[in-house]
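Working through the structure, step by step
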Amino acid sequence: MMAKKIIKASRVERASRVAKVEVEAEETVKKQRAPKDLTTLRGFRDVLPEEEPYWNRVRDNARQLAEYYSFGRLDLPLLEYADLFQRTLGKATDVIEKEMYVFTDPSGYDVALRPEATAQTVRAYINHGMLNRPQPVKLYYEGQMFRHDRPQAGRYRQFNQFGFESIGEADPIVDAQLIVIGERFFRDLGLNVVVEINSIGTSETRKAYVMELVSYFRGFRKNLSEDDKRRLQKNPLRLLDSKEPYMAELLKDAPQIVDWLDEASKNHFMKVLEFLEEIEVPYRLNPHLVRGLDYYNRTVFEMYLAGETSSEASQGALLSGGRYDGLVEMLGGREGTPACGFACGMERVVSALKEAGVDPNPRFQPRVFFAQLGDAARRKGLRLFEEFRAEHIQVAEAFGKGSLKAQLEVANKMNAAYTIILGQKEVLDGTIIIRDMDSGAQEIVDAGKVVSIMQKRLVL
Ligand code: AMP
């Protein structure tokens, strides 16, 4: 047995509880031979060059949002001490019970391929003394995760996530902003999503609720599958997202966690929802959303393609997250450090983009065209161009063409919404003309204000 040999070879006396579990587990697993046909492991896949444009769009979009909202990039190792996850994710969760790739490394340590990166992010926050930085510390990561899950549509054993985590701020605006970022990520890619949201209160309020839930489900014990019976005994909250067909009916009358929330959690939740309404992010309350991992508290959310719900989504949630106020302290960081974040499944986004027929290589499509008449205007135009670029507004031009007519033709062909026109008279006056290409209406504005004016028009 490999693990046994390694432990012996490295003469490591310390056989922790986890290592024993691992060795025992290995002994019960039937040894398998690698197939002869060069296939990859089940649930692992290659990404070929033709799929790469989709991946680039997903990665670029996430990176741009991280930059825009000031989330610093954090690169984390793929391998960690198994203990990091075992301590944080929860003993009775699927990830810890059966999905983690745990093995003993050649030095004799129990290590795990990371199943997720939130616990790691918090480890890094503590390790690098980030509590001494201005709070919240906003971090962003992307990379491979590993879970020995049952492969199916949208579920792999090696998959990629990008995640945004905000550590050190308890205000509900943080939850709302993270949800806004997630929703914008999809909107920028041309995908409409709906946010499902719930609050699971604190661990104390949850205890009282769980007792109520258990007593409700005990009444139906004989109707439950073996898996659900186990959940009822070990982690009753997980019953809420059991996918058994009978569950929808049973859940209708089950107690709902929102009715058990403490006052502070209730207020927090109301504020998050108010922010979302204010900024017009579509959401749906899902009283059965609890999330799989133990460290969550208060706000939990998931995002699905518009038109799908959590119970019927073809490949599960595209993005999931929530608040995890206890995790920093649980890992030995400063008591009461709040935090909130989300992770997005990149394979699922790539497949949604393909399904929706989104062009992975959108052509440069500026909505503003710059037309000039004469050398002075051209010179001034060059500078103006840079001002637009600094504000991330793409502007097209045809500096090579002399007549206004020819330039407007180019603008029409590229479907520009506006053309800004600078002639000799405007250069002298310090003005510029904005032409609405649909109506043909023109107005003269102060040249110094044209960038901010266009900025406002383009978001309308
Ligand atoms: P979680 O870390 O479980 O909160 O998951 C966050 C997101 O990662 C989910 O919303 C999914 O989009 C994605 N995800 C989780 N597990 C898998 C998997 N096995 N394969 C592909 N994507 C996954």
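Below is a short write-up of the structure. (Residues numbered from 1 in each chain as written. Predicted model: local features only at pLDDT ≥ 70, side-chain atom pairs only at ≥ 80, totals over all residues. Heavy atoms only, no water.)

**Considering a negative patch on the surface**
To keep it simple, the criterion reads: In this analysis, a patch consists of residues with relative accessible area above 30% that form no salt bridge, clustered at 9 Å for like charges and at 5 Å for the nonpolar side chains Val, Leu, Ile, Met, Phe, Trp and Tyr. Only the protein chains shown count as cover for residues, and all accessible areas are computed by the Shrake-Rupley method using a 1.4 Å probe. Whenever a carboxyl oxygen of Asp or Glu lies within 4 Å of a side-chain nitrogen of Lys or Arg, that contact is scored as a salt bridge. Charge convention: Lys and Arg are scored as positive, Asp and Glu as negative, and His as well as the terminal groups of each chain are ignored. By convention, the charge on Lys lies at NZ, on Arg at CZ, on Asp at CG and on Glu at CD. Secondary structure elements are taken from DSSP: a helix is a run of H or I of four residues or more, a strand is a run of E of two residues or more, and numbering for both begins at the N terminus. Partly exposed describes any residue whose relative accessible area lies between the buried limit of under 20% and the exposed limit of over 50%, with all areas from a 1.4 Å probe on protein chains only and scaled to the type maximum.
The grouping of E274, E277, E278 and E280 at the surface amounts to a negative patch. Mapped onto the elements, E277 comes out in helix α11 (residues 263–278). A residue is classified by how much of its surface remains accessible, and E277, at 48% relative accessible area, is partly exposed.

**A closer look at the packing of aromatic side chains**
In plain terms, the rule: In this scheme Phe, Tyr and Trp rings, the latter by its six-membered ring, pair at centre separations within 6.5 Å, and the angle between planes marks the pair as stacked below 30 degrees, edge-to-face above 60, and tilted otherwise.
Here the structure, examined in full by the defined rule, presents 18 aromatic pairs. With a centroid separation of 4.8 Å and an interplanar angle of 55°, the aromatic rings of F71 and F164 are classed as tilted. Pair noted here: F71 is in the loop between α3 (52–68) and β1 (72–73) and F164 is in strand β6 (residues 158–167), with a separation of 93 residues, a long-range link. Assessed through its relative accessible area of 6%, F71 is described here as buried. With 6.3 Å between their ring centres and 80° between their planes, F162 and F342 make a pair best called edge-to-face.

**Let's talk about the site of the ligand**
Our working rule: Summary of the distance rule: residues count as near a molecule or strand when at least one heavy atom falls within 4 Å of that molecule or strand. Throughout this description, a polar contact denotes any pair of N or O atoms lying within 3.5 Å of each other; where both atoms belong to protein, one of them has to be capable of donating a hydrogen while the other can accept it, and for residues adjacent in sequence the pair is counted only when both atoms sit in side chains. Residue polarity is assigned by list, with Asp, Glu, Lys and Arg as charged and Ala, Val, Leu, Ile, Met, Phe, Trp, Tyr, Cys and Pro as nonpolar; anything else, Gly included, falls into the polar class.
Taken together, 14 residues lie near the ligand, and R147, Y156, R291, A317 and S320 sit nearest. Q161 has a polar side-chain atom sitting 2.9 Å from an oxygen atom of the ligand. For the ligand, a nitrogen atom lies 3.5 Å from a polar atom in the side chain of R348. Here the ligand loses 92% of its free accessible area of 490 Å² to cover by the protein chains. Elements supplying a minimum of two residues to the shell around the ligand: β6, β10 (319–323) and β11 (339–345). Within the shell around the ligand, the residues separate by chemical class into 6 nonpolar, 4 polar and 4 charged.

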